[in-house]
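Fold and contact review
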Amino acid sequence: MPKILNIAVVGAGTMAQAVHLPVLRRRWDRFSVAALVDHSPRRRREASEVWGIEEERRYETVADLVAAVRARTLSLDGVLLSTDGLHVDDLLAIVRRGLPVMVEPPLGYSEEEIAKVAEFERIAGRRLVMLAHPQQYDDSVTRMSEHIATKDLRMVDHEVLMPASQPLFGQAHVTTSSYDLPTEQRTARRKALQAAVEAGTGDGATQRDRDLYVKGLLTGVAHQMAVTEAAYGPIEKLVAVRHWPKGVIPGSIELLGELGSGAQVRLVWHYLPFAPEYSETLQVLSARRRMRLDLPAPSHGDARSTVSLREKKSGVVQEVATTAPKGSAELMWEAFHAFVEKGEAPLAGAAEALRQVVLLREVLATIVEADGRSLEAEPEEGSEAEATSGAEESTEAEEPSAEAATMGAVRADEESAVAASAAGATVEVELPGAEPAPETLEQPVTDPSGERPAAAYAEAEPAAEPSSDPASARAPEATPGAEPAPETLEQPAAPSTEEVVDAWSGGAESAPPATADPAVPEDPRR
């Protein structure tokens, strides 16, 4: 007779009460609820009364649970971790005691976070974590590759219609949420969760991007990826991603990927809050067969999945339909029993969660880039201003050398004039600052709009210091719009189309506002 495992349930939330605890009670021949942990006093008390857990087996934190195991006042064979928040710290505290853990996904929100668990398993030399994806263990899913082999697979089309919580968990009579926690504790938990999500999405993500990442990708599309991976392996390449309606979170998400065999996978996940029921269907195609699976929600423990296989034999279309003998949640717990007792590897653990979160981060980045944005943080304005200031300083440092060359040429012309005068010749000498001849005057370059000269778009140069040269002091002022001769003054650089004019600086008061490039999409955050 199989051993009865002592299980500690950490987190008495919706999934624990609607999916896991009913199975543990039904399968009393395999499992016994040895302890319950929840940080909410009210929910801990109400759930314990419903599921028959004595006062001495109720704990507030994972630290209290681990202390009881260390003191040998509590004997455990495995743990269910289904808390509504972060998992990694509690998970590491449990697996350090050598206890196998079934974790309600998501395991973590970033690659770095999940890598801690994967690294611990590598050091321990054995797998200790199993992800709670019930449909992975559904009889219809595990037999998919038997009906259509991977080498014959052409396409997998997986669609989920997710309603609000009432059609999913309304019949479970879940106890109240943890609103009785002190404000400080709830605030600390919320901030810790927000920090973990920000680390997973990137500094450039908006709050809407983070909500889409958590509510749509990690808790929706991740489940579909796990089902496909259980039958045909993971998605190796992301082909295309689409999210709609625009601005609706989580909305609908469509993902097209490619398996290692070259077969295509299409995942569509819709959040429809007013849908009457949950719906999940898979269609699998090969050159000769078409298979359809209908998977019920895991919370509907009495519902069973069905598979329909159609093929053509001897010119006749034949269809065979079968119904799974057990619910997916019950089959998942049987797999956990084999994981604890026999060491059979789970279909999904820390390594699979790490691969998933990397791909889902790529999916989010693709959706954000379609809006003309990036998940990477934009450079700060201060750093740009420092770079611009450095460029101006280097330009100013180069100006004296050009001015020195010009003055050297002027002195050479003066010496030539003196020599020519001694020889009786007449030579005209043009001094710095003198007004050029009328025939050398040029009109200012006009802006194509006809409003301003093009020179007005250049940044204003610093005011020159008063000159001590008497010739320069007596020179008349230059007529507006006139340009000095090329040999007397360095020409101003043409305005760069890439130069950013600071509208708040004193030298750009007359510059018109920058016009947005119609080819570049506008940042919606501005």
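Not measured: the values here are computed from a predicted model. (Residues numbered from 1 in each chain as written. Predicted model: local features only at pLDDT ≥ 70, side-chain atom pairs only at ≥ 80, totals over all residues. Heavy atoms only, no water.)

**Some words on the overall build of the protein**
Within the protein one finds 14 helices and 14 strands. Considering only residue pairs separated by 6 or more positions, the protein has 69% of its internal contacts joining residues 24 or more positions apart. Element-wise, carbon and sulfur atoms account for 52% of the exposed surface of the protein, whose accessible area totals about 29300 Å². (Helix = DSSP H or I, 4+ residues; strand = E, 2+ residues; numbered from the N terminus. Contact = heavy atoms within 4.5 Å. Areas by Shrake-Rupley, 256 points an atom, 1.4 Å probe, with all protein chains shown as cover.)

**Topic: the packing of aromatic side chains**
Any aromatic ring pair is given by two values, namely how distant the centres are and how the planes are angled relative to each other. A full pass over the atoms with the stated rule returns four aromatic pairs. The ring of Trp244 carries the charged tip of Arg242 above its face, separated from the ring centre by 4.1 Å. (Phe/Tyr/Trp six-rings, centres within 6.5 Å; stacked < 30°, edge-to-face > 60°. Lys NZ or Arg CZ within 6 Å of the ring centre and 35° of its normal.)

**Focus: unusual backbone geometry**
With the exception of glycine, the majority of residues adopt a negative phi angle, and the majority of peptide bonds are in the trans configuration. That bond from Pro105 to Pro106 is cis: its omega, 5°, falls within 30 degrees of zero. By the secondary structure assignment, Pro106 is in the loop between strand 5 (101–103) and helix 5 (111–124). Cis geometry marks the peptide bond from Ile249 to Pro250; its omega dihedral reads 0°. Tracing the sequence through the fold places Pro250 in the loop between strand 8 (235–244) and strand 9 (252–259). In this structure, Arg72 is a non-glycine residue whose phi angle is positive, near 65°. Along the chain, Arg72 turns up in the loop between helix 3 (62–70) and strand 4 (78–81). At Ser314, a residue that is not glycine, the phi angle is positive and equals roughly 55°. Residue placement: Ser314 occurs in the loop between strand 13 (306–313) and strand 14 (316–323).

**Details of helix 4 (residues 88–95)**
Of all the residues in helix 4, the buried ones are Val88, Leu91, Leu92, Ile94 and Val95. Taken down its axis, helix 4 places every buried residue within 160° of arc, on the same side. Tucked inside the fold, the buried residues of helix 4 contact helix 3, strand 4, strand 5, helix 5 and strand 6 (129–131). (Buried < 20%, exposed > 50% of the residue type's maximum accessible area, 1.4 Å probe, protein only. Arc of directions from axis to C-beta.)

**What about the pairing of strand 10 (residues 264–271)?**
Two strands pair when backbone bridges link them, and strand 7 (residues 153–162) and strand 10 are joined in this way by eight bridges, in the parallel orientation. The partner of Val160 across the bridge, within strand 10, is Trp269. Where strand 9 meets strand 10, seven bridges bridge the pair, whose relative direction is antiparallel. What sits directly across from Glu254, in strand 10, is Val268. Linkage of strand 9 to strand 10, two consecutive antiparallel strands, is achieved through a turn of four residues, within which Gly262 is found at a positive phi near 95°. (Pairing = 2+ DSSP bridges.)

**Considering the sheet that holds strand 11 (residues 279–286)**
The strands making up a sheet are joined through hydrogen bonds of the backbone, oriented either antiparallel or parallel. The eight strands are arranged 8-9-10-7-11-12-13-14 in an open sheet whose pairing can be described as mixed. For this open sheet the edge positions go to strand 8 and strand 14, each flanked by a neighbour on one side alone. Ignoring which end each strand starts from, the neighbouring axes of this sheet average 15° apart. Here strand 12 (residues 289–294) pairs with strand 13 via six bridges, running antiparallel. Among the inter-strand pairings, Met291 is bridged to a residue of strand 13, identified as Leu309. (Axes fitted to C-alpha atoms, helices over the stretch in contact; angles between N-to-C directions.)

**Here's the deal with the pattern of salt bridges**
This structure, assessed with the given rule, holds 29 salt bridges. Across the pair Arg355 and Glu229 runs a salt bridge whose closest N-O atoms are separated by 2.4 Å. In this pair, Arg355 is assigned in helix 12 (residues 350–370) and Glu229 in helix 10 (residues 207–232), connecting sequence segments 126 residues apart. Accessibility expressed as a relative area gives 15% for Glu229, which makes it buried. Taken together, the shared-partner salt bridges connect Arg26, Arg27, Asp29, Lys326, Glu330 and Glu334 into one network. (Salt bridge = Lys/Arg side-chain N within 4 Å of Asp/Glu carboxyl O.)

**A few points about the packing of helix 1 (residues 14–26) against helix 2 (residues 41–51)**
One can describe the packing of helix 1 onto helix 2 by two numbers: an axis separation of 12 Å at closest approach and a directional angle of 35°. As helix 1 runs across helix 2, the sense of the crossing is right-handed. Contact residues: helix 1 offers Gln17, Leu21, Pro22 and Arg25, while helix 2 offers Arg43, Ala47, Val50 and Trp51. Broken down by class, the residue content of the contact of helix 1 with helix 2 amounts to five nonpolar, one polar and two charged. (Left-handed = near helix turned anticlockwise from the far one by under 90°. Nonpolar A, V, L, I, M, F, W, Y, C, P; charged D, E, K, R; others polar.)

**Focus on the pairing of strand 2 (residues 31–37)**
The side chains of a regular strand alternate between both faces of the sheet. With six of seven residues buried, strand 2 lies mostly within the body of the structure. Crossover connection from strand 1 (residues 5–10) via helix 1 to parallel strand 2: handedness right-handed. As paired strands, strand 2 and strand 3 (residues 58–59) are joined by two bridges and run parallel to one another. Bridge pairing in strand 3 places Leu36 opposite Arg58. Viewed along the sheet, the connection from strand 2 through helix 2 into strand 3 turns out right-handed. (Right-handed = clockwise from strand over helix to strand, strands pointing away.)

**Examining helix 11 (residues 328–341)**
Helix length check: helix 11, at 14 residues, gives a terminal C-alpha distance of 20 Å against a target of 20 Å (1.5 Å per residue), a fit within 8%. Buried within helix 11 are the following residues: Ser328, Ala329, Glu330, Leu331, Met332, Trp333, Phe336, His337, Ala338 and Phe339. (Expected span 1.5 Å × (residues − 1).)

**Description of the confidence of the model for the protein**
Across the protein, pLDDT averages 80, with 71% of residues at or above 70. The low-confidence segment residues 393–407, where pLDDT is below 50, has seven contacts with residues more than four positions distant or belonging to other chains. Overall, residues 416–526 carries pLDDT values under 50, and its contacts beyond four positions in sequence, including any with other chains, amount to 76 contacts. (pLDDT = per-residue confidence, 0-100.)

**Comments concerning the sheet that holds strand 6**
Taken together, six strands build an open sheet; the order of strands is 3-2-1-4-5-6 and the sheet is parallel. The open sheet is flanked by strand 3 and strand 6, the only strands paired with a single partner. The pairing of strand 1 with strand 2 spans six bridges and is classified as parallel. Bridge pairing in strand 2 places Val10 opposite Val37. Running at roughly 165° to strand 5, helix 4 makes contact with strand 4, strand 5 and strand 6 of the sheet.

**A look at the side chain of Gln224**
Structurally, Gln224 can be placed in helix 10. A polar contact is formed between the side chain of Gln224 and the backbone oxygen of His158, at a distance of 3.1 Å. Residues in contact with Gln224, not counting those within four places in the same chain, are His158, Glu159, Val160, Leu267, Val268 and Trp269. (Polar contact = N/O pair within 3.5 Å; in protein donor to acceptor, adjacent residues only side chain to side chain.)

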